[in-house]
Amino acid sequence: LKVMLNEMSWVEAKRYFMKNDIAVVPVGSNEQHGPHNPLGTDHFIAREIAKRAAEQAGVVCLEVVPFGVSSHHRQFWGTVHVSARTLKKYMREVCLALNYYGVTKIVVVNGHGGNFAVLSELARDLRERGIFMAVFQWWHAAGELLPELFTRDERRHASAEETSVNLALRPKLVDMKKATDEKVPDHPTEGAGNTVPLDAVDFTKCGVYGKSTTASARKGRQVLGAVVTELARQIRVLKKMKMDDLTAKPRV
Ligand SMILES: [Zn+2]
């Protein structure tokens, strides 16, 4: 079995979809990740985790959706963002296109926190249409599975954890000589229980939140190993489940 849908012929795709009702869809963003990481960090990582887990679980993986909801990084050059409404509509149409071939279970592997709100909204909408969509976020999984591997300051945007995964996947695209540690102070408008619409540039000069210089390929491989194994397990569980147990229940 080929794992990437875009590498299959339609005949191979038919063979897969006739027997399987599940697919993996990675989504990321194209946004600044400090002076040392590539703009594609979020979609490179999402694609690779999705592909490896799909391979382990024996299911098909789509090409990554590279643009996400990241206007809060736009002051840093090269950030290409779409609105929440656009991403939701786009992802919905991708899911419905898969549904035409009988896919009713979709695992979205999200590489960018800013996409989460619309993805979880979409998951609720789709459940009403008989499609069960799970949203997996690798950094949350890593925090739970490997709590000791990084400090809180190393687990933020473009900091050591993300940089480590980049070093494990695409070392040529990371320039550790430019890695920095930047203390990210609280903004005066921030306080307990509130949310304010601030941009990355309100906090950071170089684009890194926290500490990135402690990154290493070894730690990155550790994260990938743990996260891919867990995601593959979740996919296998979903693959086996009956749709009757996944669709929204009727009134009691
Ligand atoms: Zn990122």
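Each remark here, short or long, concerns the structure printed above.
Residues numbered from 1 in each chain as written. Predicted model: local features only at pLDDT ≥ 70, side-chain atom pairs only at ≥ 80, totals over all residues. Heavy atoms only, no water.

## Brief notes about the pattern of salt bridges
Opposite charge on two side chains permits pairing when their charged atoms draw close.
For step 1, the next point in the chain: By the definition in use, this model includes 12 salt bridges.
For step 2, the next point in the chain: Here arginine 52 ties to glutamate 48 by a salt bridge, and the two come within 3.0 Å at their closest N and O atoms. Of the two residues, arginine 52 and glutamate 48 are both situated in helix α2 (residues 41-57); the distance of four residues between them amounts to about one turn of the helix.
For step 3, the next point in the chain: On the accessibility criterion, arginine 52 (32% relative accessible area) is partly exposed. (Salt bridge = Lys/Arg side-chain N within 4 Å of Asp/Glu carboxyl O. Helix = DSSP H or I, 4+ residues; strand = E, 2+ residues; numbered from the N terminus. Buried < 20%, exposed > 50% of the residue type's maximum accessible area, 1.4 Å probe, protein only.)

## Things to note about the coordination of the zinc ion
For step 1, the next point in the chain: Note on the zinc ion: its protein donors are His33 (NE2), Asp42 (OD) and Glu162 (OE). The metal-donor distances range over 1.8 to 2.0 Å.
For step 2, the next point in the chain: Site description for the zinc ion: donor spacing in sequence, H-x8-D-x119-E. In this pair, histidine 33 sits in the loop between β1 (22-27) and α2 while glutamate 162 sits in helix α6 (residues 160-169), placing the two residues 129 residues apart along the sequence.
For step 3, the next point in the chain: With a relative accessible area of 9%, glutamate 162 lands in the buried category. (Donors = N, O, S within 2.8 Å, 3.2 Å for Na, K, Ca; no water.)

## Looking at unusual backbone geometry
For step 1, the next point in the chain: Phi is positive for alanine 158, which is not a glycine, with a value near 65°.
For step 2, the next point in the chain: By the element assignment, alanine 158 lies in the loop between α5 (138-145) and α6.
For step 3, the next point in the chain: Of the residues examined, alanine 158 reaches a relative accessible area of 0% and is grouped as buried.

## What to know about the layout of surface pockets
For step 1, the next point in the chain: Its boundaries defined by the atoms lining it, the largest pocket holds a volume of some 890 Å³.
For step 2, the next point in the chain: The wall of the largest pocket is formed by 32 residues, among which His72, His73, Arg156, His157 and Tyr209 lie closest to the centre.
For step 3, the next point in the chain: The residue makeup of the lining of the largest pocket, split by class, is 11 nonpolar, 11 polar and 10 charged. (1 Å grid on protein atoms, 1.4 Å probe; cavity = no way out; pocket = protein on both sides within 12 Å on 5 of 7 lines; lining within 4 Å. Points joined across faces, edges and corners; volume = space filled by probe spheres on them. Nonpolar A, V, L, I, M, F, W, Y, C, P; charged D, E, K, R; others polar.)

## Let's talk about the environment of valine 237
For step 1, the next point in the chain: Here valine 237 lies in helix α7 (residues 217-240).
For step 2, the next point in the chain: For valine 237 and serine 71, which are 166 residues apart along the polypeptide, the C-alpha to C-alpha distance reads 35 Å.

## Here's the deal with the pairing of β1
For step 1, the next point in the chain: Within β1, six of the six residues are buried, which leaves it mostly tucked inside the rest of the structure.
For step 2, the next point in the chain: With burial as the criterion, each face of β1 is covered, one bearing Ile22, Val24 and Pro26 and the other bearing Ala23, Val25 and Val27.
For step 3, the next point in the chain: Strand direction decides the pairing type here: β1 and strand β3 (residues 105-110), joined by six bridges, are parallel. Note on β3: the bridge partner recorded for valine 24 is valine 107.
For step 4, the next point in the chain: The sheet contact formed by β1 and strand β2 (residues 60-61) spans two bridges and is parallel. Note that in β2 the partner of valine 24 across the bridge is cysteine 61. (Pairing = 2+ DSSP bridges.)

## A word on helix α3 (residues 84-99)
For step 1, the next point in the chain: The first and last C-alpha atoms of α3 sit 22 Å apart over 16 residues, in line with the 22 Å expected at 1.5 Å per residue.
For step 2, the next point in the chain: Of all the residues in α3, the buried ones are Leu87, Lys88, Met91, Val94, Cys95 and Leu98. Take α3 and look down its axis: the buried residues cluster within an arc of 130°, on one side only. Residues Arg85 and Lys89 are exposed on α3 and point more than 90 degrees away from its buried face.
For step 3, the next point in the chain: Looking at the buried positions of α3, the neighbouring elements they touch are α1 (10-19), β1, β3, α4 (116-128) and β4 (132-137). (Expected span 1.5 Å × (residues − 1). Arc of directions from axis to C-beta. Contact = heavy atoms within 4.5 Å.)

## Examining the sheet that holds β2
For step 1, the next point in the chain: Ordered by their spatial adjacency, four strands build an open sheet running β2-β1-β3-β4, and the pairing between neighbours is parallel. The sheet is open, and its two borders are formed by β2 and β4, each paired with just one other strand.
For step 2, the next point in the chain: The pairing of β3 with β4 spans six bridges and is parallel. By the bridge assignment, asparagine 110 is partnered in β4 with glutamine 137.
For step 3, the next point in the chain: Strands β3 and β4 of the sheet are contacted by α5, whose axis makes an angle of about 65° with β4. (Axes fitted to C-alpha atoms, helices over the stretch in contact; angles between N-to-C directions.)

## Digging into the side chain of aspartate 42
For step 1, the next point in the chain: Within the secondary structure, aspartate 42 is located in helix α2.
For step 2, the next point in the chain: The buried charged residue aspartate 42 lacks any salt bridge, with arginine 170 as its nearest oppositely charged partner at 12 Å.
For step 3, the next point in the chain: Beyond its immediate chain neighbours, meaning those up to four positions away, aspartate 42 contacts Gly28, Ser29, Glu31, His33, Gly111, His112 and Glu162. (Lys, Arg positive; Asp, Glu negative; His and termini not counted.)

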